[in-house]
Number of protein chains: 2
Amino acid sequence: MRYLYDYMTRSNTLAIQDLYPDDFGHCFGCGRHNAHGHQLKSFVEGEEVVARFTPSPHHISVPGFVYGGLLASLLDCHAMATAAAAAEHAANRKIGDGPAPRFVTAALHVEYLKPTPLGVELEIRASVTTRTDRKAVVVSTISAAGTVTARGEIVAVRMPDSMRK
Amino acid sequence: MRYLYDYMTRSNTLAIQDLYPDDFGHCFGCGRHNAHGHQLKSFVEGEEVVARFTPSPHHISVPGFVYGGLLASLLDCHAMATAAAAAEHAANRKIGDGPAPRFVTAALHVEYLKPTPLGVELEIRASVTTRTDRKAVVVSTISAAGTVTARGEIVAVRMPDSMRK
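Note that the structure is a prediction, hence the values are computed from the model and not measured. (Residues numbered from 1 in each chain as written. Chains lettered and ligands numbered in written order. Predicted model: local features only at pLDDT ≥ 70, side-chain atom pairs only at ≥ 80, totals over all residues. Heavy atoms only, no water.)

> Looking at this model, I keep getting lost on the overall build of chain A. Mind explaining?
Along its length, chain A carries two helices and six strands. Each helix (α) and strand (β) of chain A, taken in turn from the N terminus, gives the series α-β-β-α-β-β-β-β. Taking 15 Å as the expected radius of gyration for a compact globule of 165 residues, we find that chain A reaches 15 Å, a close match to that expectation. Counting only C-alpha atoms, chain A reaches 45 × 30 × 30 Å along its principal axes. Here chain A holds 165 residues, and 53% of them are scored as buried. Relative to all contacts within chain A whose residues are 6 or more apart in sequence, the contacts with residues 24 or more apart total 62%. Here chain A has roughly 7,000 Å² of accessible surface; of this, 51% comes from carbon and sulfur atoms. (Helix = DSSP H or I, 4+ residues; strand = E, 2+ residues; numbered from the N terminus. Rg over C-alpha atoms; globule rule 2.2 N^0.38 Å. Buried < 20%, exposed > 50% of the residue type's maximum accessible area, 1.4 Å probe, protein only. Contact = heavy atoms within 4.5 Å. Areas by Shrake-Rupley, 256 points an atom, 1.4 Å probe, with all protein chains shown as cover.)

Written as structure tokens, this is what we have:
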């Protein structure tokens, strides 16, 4: 697994979410085992974590535009993946050296700057602004056809033991 | 339609979302015409707007708990319905007097206070704290089995003409 990071680009099929342990693989937003979910895939690209996602026609708000709750969901899962990558980096490891660390959302803030058009691929970019071992603040954007339509600021915390079943 | 409001309780089948014009009825979160969506239904109950929703097994985050993106989505749609009801009230009308006014989300803030257990009905309660003709701030909670697990503060704005197709 040592060199996965070097290949974690768009052209590779292994996303951060693919490195989560199986019990984290069911998430409606990004779980590889959830056939009904969005299956978001986030990749390290330089200093940022990037995902691309094309909403389905039923991810509509009003005709022509993407549902804001979906955008919040994408930012949420993408932020957890970004926090995981940053935690590995801070520990002098590369994401892919082992199972990705698991973070959960403590707070989510999304600003909808413009309506997001339906029918185009969205690009989600995120980075960590501040972090401790327990917590990371992730800032992010969603762009549609080169225009930023939403901005996120999300607080990720290490998954507490109480959530392990 | 004059007296719908008086009957808009849990036992009635007409929710605020059922009063949206048809082009607002496709929303992934609450559109009555979206067979793939959550179809959230929000009702005026006294001074608050209330919805109940039981997540499906695939609305999972980690085993046993509800996906936070779904919770954000429910709070989002519920807040738009709450803003619509408040706008009608401020205009000395009752929700149901005519098509419900349409609001869209400008900003969404969710605090996840505790993990939300999967498998139980959730109760979402909201009210408007401040409003103008153009904008409303909606505060809300999600409870699972009587315990508040998430809190929302959402800024709703009247849908701009640019979003009408």
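> Explanation requested: the relation of the copies chain B and chain A in the structure shown.
The operation relating the pair of chain copies consists of a rotation about an axis and a translation along that axis. The two copies are related by a screw motion: chain B maps onto chain A through a turn of 180 degrees and a shift of 0.0 Å along the axis, at an RMSD of 0.0 Å. What the rotation and shift describe, once combined, is the action of a two-fold rotation axis. The C-alpha atom lying nearest the rotation axis in chain B is that of B:His109; the distance is 2.2 Å. A shared interface surface links the copies, since 100% of the contact residues of chain B are contact residues in chain A too. (Least-squares fit on C-alpha atoms with pLDDT ≥ 70 in both.)

> When you look at the packing of aromatic side chains in this model, what are you seeing that I'm missing?
Given two aromatic rings, one states the distance between the centres and the angle between the planes to describe the pair. Residue and element names in this part refer to chain A. Scanning all chains against the criterion turns up four aromatic pairs over all chains. Between Tyr 20 and Phe 24, the aromatic rings sit 4.9 Å apart at their centres with planes inclined by 85 degrees, giving edge-to-face as the arrangement. Neither residue differs from the other here; Tyr 20 and Phe 24 are each classed as buried. (Phe/Tyr/Trp six-rings, centres within 6.5 Å; stacked < 30°, edge-to-face > 60°.)

> Help me understand the sheet that holds strand β3 (residues 103-112) of chain B, please; the structure alone is not making it clear to me.
Working definition: the strands of a sheet are paired by backbone hydrogen bonds and lie parallel or antiparallel to each other. Pairing is antiparallel across the open sheet formed by 12 strands, whose spatial order is β1(A)-β2(A)-β4(A)-β5(A)-β6(A)-β3(A)-β3(B)-β6(B)-β5(B)-β4(B)-β2(B)-β1(B). Only two strands of the sheet have a single partner each, and these edge strands are β1 (42-45) of chain A together with β1 (42-45) of chain B. Within the sheet, the average angular offset between the axes of one strand and its neighbour, ignoring direction, is 25 degrees. (Pairing = 2+ DSSP bridges. Axes fitted to C-alpha atoms, helices over the stretch in contact; angles between N-to-C directions.)

> Just checking my understanding: could you explain helix α2 (residues 68-90) of chain B for this structure?
Owing to its 3.6 residues per turn, the α-helix brings residues three or four apart onto one side. Residues and elements named next belong to chain B. Given a rise of 1.5 Å per residue, 23 residues ought to cover 33 Å, and the 32 Å separating the end C-alpha atoms of α2 matches this to within 8%. For α2, the buried fraction is high: 21 of the 23 residues fall into the buried class. In the stretch just after α2, Asn 92 is the one whose phi turns positive, near 60 degrees. (Expected span 1.5 Å × (residues − 1).)

> Can you help me understand the pattern of salt bridges in this one?
It is possible for side chains of opposite charge to pair when their charged atoms get near one another. All chains considered together, the criterion is met by 22 salt bridges over all chains. Notably, a salt bridge pairs B:Glu123 with B:Arg52, separated by 2.8 Å at the nearest N-O pair. Highlighted residues: B:Glu123 in strand β4 (residues 122-131) and B:Arg52 in strand β2 (residues 48-53), separated in sequence by 71 residues. B:Glu123 is the salt-bridge partner of B:Arg125, the closest N and O atoms lying 3.0 Å from each other. Among the ionic contacts, a cluster of salt bridges with common partners joins A:Glu45, A:Glu48, A:Arg52, A:Glu123 and A:Arg125. (Salt bridge = Lys/Arg side-chain N within 4 Å of Asp/Glu carboxyl O.)

> Can you walk me through unusual backbone geometry in this structure?
Outside of glycine, negative phi angles account for most residues, and trans bonds account for most peptide bonds. Here A:Gln39, not a glycine, exhibits a phi torsion of approximately 50 degrees, which is positive. Within the secondary structure, A:Gln39 is located in the loop between α1 (4-7) and β1. Of note, B:Ala145 is a non-glycine position whose phi angle comes to about 50 degrees, a positive value. The topology assignment puts B:Ala145 in the loop between β5 (135-144) and β6 (147-158).

> Quick question: what am I supposed to make of the packing of helix α2 (residues 68-90) of chain A against α2(B) here?
Geometry of a packed helix pair, given as the angle between the helix axes and the separation of the axes. In contact at an axis separation of 8 Å, α2(A) and α2(B) are set at 150 degrees when each is read in the N-to-C sense. One element, α2(A), and the other, α2(B), form an angle in the roughly antiparallel class. The two elements α2(A) and α2(B) meet at a crossing, and its hand is right-handed. Listed contacts from α2(B) to A:Gly68, A:Gly69, A:Leu70, A:Ala72, A:Ser73 and A:Asp76 of α2(A) are B:Gly68, B:Gly69, B:Leu70, B:Ala72, B:Ser73 and B:Asp76. Broken down by class, the residue content of the contact of α2(A) with α2(B) amounts to four nonpolar, six polar and two charged. (Parallel < 35°, antiparallel > 145°, perpendicular 65-115°, else oblique. Left-handed = near helix turned anticlockwise from the far one by under 90°. Nonpolar A, V, L, I, M, F, W, Y, C, P; charged D, E, K, R; others polar.)

> Looking at this model, I keep getting lost on the interface of chain B and chain A. Mind explaining?
Accessible area lost when the parts come together is the quantity often used to give the size of an interface. At the interface, 37 residues of chain B touch 37 residues of chain A. Of the roughly 3,000 Å² buried at the junction of chain B and chain A (both faces included), carbon and sulfur atoms supply 68%. For the chain B face of the interface with chain A, the top three residues by lost area are B:Phe28, B:Tyr67 and B:Met163, together amounting to 21%. Where chain B touches chain A, the interface holds zero salt bridges. Linking chain B with chain A are 13 residue pairs in polar contact (both at pLDDT 80 or more), by the criterion used here. (Buried area = accessible area lost by both parts, 1.4 Å probe. Polar contact = N/O pair within 3.5 Å; in protein donor to acceptor, adjacent residues only side chain to side chain.)

> How should the confidence of the model for chain A be read in this particular structure?
The predicted coordinates should not be examined in detail at positions where pLDDT is low. When pLDDT is averaged along chain A, the result is 90; 92% of the residues meet or exceed 70. For this predicted complex, the interface score ipTM comes out at 0.91, while the overall pTM is 0.92. (pLDDT = per-residue confidence, 0-100.)

> Where do I start with the side chain of A:His38 in this structure?
Residues and elements named next belong to chain A. Relative to the elements of secondary structure, His 38 occurs in the loop between α1 and β1. A relative accessible area of 10% means that His 38 is categorised as buried. Among residues more than four places away in sequence, those in contact with His 38 are Phe 28, Gly 29, Phe 53, His 59, Leu 70 and Ser 73.

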